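Below, each chain spelled out in residue letters.
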Amino acid sequence: MSPFPPVRAGQGQAGQCPGKVFLVGAGPGDPDLLTVRAARLLGSADVIVYDHLVGTGIVALFAKDAERIYAGKQNRRHTMAQGDINDLLVRLAKQGRNVVRLKGGDPFIFGRGGEELETLAAHGVPFEVVPGVTAASGVSCYTGIPLTHRDYAQSCIFTTGHLKDGTLDLDWDMLARPRQTVVIYMGLNALPEIARQLIAHGQSRDIPAAVVEKGTTAQQRVVTGTLTAMPDLVAALGLQSPCLIIIGEVTALHRKLQWFNTVAGNVETAEVFC
Ligand SMILES: C[S@@+](CC[C@H](N)C(=O)[O-])C[C@H]1O[C@@H](n2cnc3c(N)ncnc32)[C@H](O)[C@@H]1O
């Protein structure tokens, strides 16, 4: 049975938008991490607008006759500007189509999902939101790095390391506090600056840290070491986006708790302990 309401072009009441937009999280990469609801929607959407973080395993689940629109958006390589994506979603829904707007991870965590919904709301376009497994959660589980642990971290902070005009304006005092885990999205390019600022604000130079490339996929790579060593390690190993940075004592547990490489077989794990 289709998860969509039986509304088609021209059938809406006067003044109502006949289509609907489903803002859906695709999870961090492994297609098995899609929610059941996401998989059902992808299998029967009229049109799917998706981002670069959506992998081929998930694209393979798209309905055969669905129109596919790649919206891209990668650091400094925007295929479609955010405003154009917003306008596109409004236009498609007004044509009476059931639109899945598919985003990597969770649409409400560093996904600009809120901005897209604000535009839809302003144009009277109905919508639903389907959560996804965010990168922090997927990467944490697939690397054996629990984000909280009674012995090491009582809280966990998600932040962005995206550089604006080459600088990072973060609350470094708060991020450098002990007994917490800091997860940094989009921080690969800023890693040297992140390490420098944290240490300057009191973080131990030897705090364990991890950088995880393409987490939850067969290409997952995990680099662990001290915060001081991490920028050089990551550069030497040539890690590429998407990468997640995890800083905190919990990252040392990777050595003991990792399981994914043994299950997936072909995972390349580059571990470096200092
Ligand atoms: C624009 S943000 C989108 C986050 C997404 N909405 C989420 O909830 O995971 C993109 C960043 O998420 C992180 N990321 C997403 N998928 C990842 C993965 N499979 N492995 C490592 N990091 C990932 C990286 O830091 C990447 O630069």
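This text follows the structure it describes.
Here the residue numbering is sequential within each chain, running from 1 through the sequence in written order. Restriction of local features to residues with pLDDT of at least 70 applies here, the model being predicted, together with a cutoff of 80 or more for giving and counting side-chain atom pairs; totals for whole chains, interfaces and linings are based on all residues. Side-chain metrics in this entry use all non-hydrogen atoms of the structure; hydrogen atoms and water are not considered.

**What about a nonpolar patch on the surface?**
Every patch collects residues that have over 30% relative accessible area and no salt bridge, joining them within 9 Å if they carry like charges and within 5 Å if they are nonpolar side chains (Val, Leu, Ile, Met, Phe, Trp, Tyr). A 1.4 Å probe and the Shrake-Rupley method give the accessible areas. Residues count as covered only by the protein chains that appear here. When a carboxyl oxygen of Asp or Glu lies within 4 Å of a side-chain nitrogen of Lys or Arg, that pair is called a salt bridge. Residues Phe108, Phe127 and Val129 make up a contiguous nonpolar surface patch of about 260 Å² in total accessible area. Looking at where Phe108 falls in the secondary structure, it is placed in the loop between strand S4 (98–103) and helix H4 (113–122). Only DSSP runs of H or I with at least four residues qualify as helices, and only runs of E with at least two residues qualify as strands; both kinds are numbered from the N terminus onward.

**A few points about the environment of Arg101**
Tracing the backbone shows Arg101 in strand S4. Taking the C-alpha atoms as reference points, Arg101 and Val21, 80 residues apart in sequence, are found 6.8 Å from one another. Any two residues whose heavy atoms approach within 4.5 Å at even a single point are treated as in contact. With residues near it in sequence (within four places) discarded, Arg101 still touches Val21, Phe22, Leu23, Val24, Val49, Tyr50, Asp51, Ala71, Ile85, Leu89 and Glu116. The term polar contact refers here to a pair of N or O atoms within 3.5 Å; inside protein, the definition further demands a hydrogen-donor-capable atom paired with an acceptor-capable atom, and it admits residues adjacent in sequence only when both atoms are side-chain atoms. Polar contacts involving the side chain of Arg101 include one to the main-chain carbonyl oxygen of Val49, which spans 3.3 Å. Here Glu116 takes part through its side chain, which lies 2.9 Å from a polar atom of the side chain of Arg101.

**So, the side chain of Lys20**
Mapped onto the elements, Lys20 comes out in strand S1 (residues 20–25). A distance of 2.7 Å separates polar atoms of two side chains, one belonging to Lys20 and the other to Glu128.

**Some remarks on the nonpolar core**
Judged by nonpolar contacts, the single largest core of 27 residues is most densely connected at Ile194, Leu198, Val211, Met230 and Ile247. Put simply, the parts of the chain that give this core at least two residues each are helix H6 (172–175), strand S7 (180–185), helix H7 (191–200), strand S8 (208–213), helix H8 (230–237) and strand S10 (243–247). In terms of residues, this core owes the most to one element, H7, which gives 4 residues. Nine residue types can take part in a nonpolar core, namely buried Ala, Val, Leu, Ile, Met, Phe, Trp, Tyr and Cys, and a core is a set of them joined through side-chain atoms within 4.5 Å. To sort residues, take the accessible area from a 1.4 Å probe on protein chains only and compare it with the maximum for the residue type: under 20% means buried, over 50% means exposed, and anything in between is partly exposed.

**Here we look at H7**
Because an α-helix completes one turn every 3.6 residues, residues spaced three or four positions apart along the sequence face the same direction. The complete set of buried residues in H7 reads Leu191, Ile194, Ala195, Gln197 and Leu198. Contacts made by the buried residues of H7 are with H6, S7, S8, H8 and S10. At the exit of H7 stands Gly202, carrying a positive phi of roughly 105 degrees.

**Description of the pattern of salt bridges**
A complete count under the given rule lists 10 salt bridges for this structure. The salt bridge partner of Glu128 is Arg37, with a shortest N-O separation of 2.8 Å. Placement of Glu128 in strand S5 (residues 127–130) and of Arg37 in helix H1 (residues 36–42) is noted, with a sequence separation of 91 residues between them. Assessed through its relative accessible area of 26%, Glu128 is described here as partly exposed. Taking the relative accessible area as the measure of exposure, Arg37 reaches 31% and is therefore partly exposed. Connected via shared salt-bridge partners are Asp51, Arg101, Lys103 and Glu116.

**A closer look at the packing of aromatic side chains**
Aromatic rings from Phe, Tyr and Trp, taking only the six-membered ring of Trp, are treated as a pair when their centres fall within 6.5 Å; an angle between ring planes under 30 degrees marks them as stacked, one over 60 as edge-to-face, and anything in between as tilted. Taken as a whole, this structure holds 7 aromatic pairs when the rule is applied. Between Phe110 and Tyr185, the ring centres sit 4.9 Å apart and the planes meet at 55 degrees, which makes this aromatic pair tilted. Pair noted here: Phe110 is in the loop between S4 and H4 and Tyr185 is in strand S7, with a separation of 75 residues, a long-range link. When its relative accessible area of 38% is taken as the criterion, Phe110 is described as partly exposed. The class of Tyr185 is buried, set by a relative accessible area of 8%. Site record: aromatic cluster; members linked through ring pairs are Tyr50, Phe62 and Tyr70.

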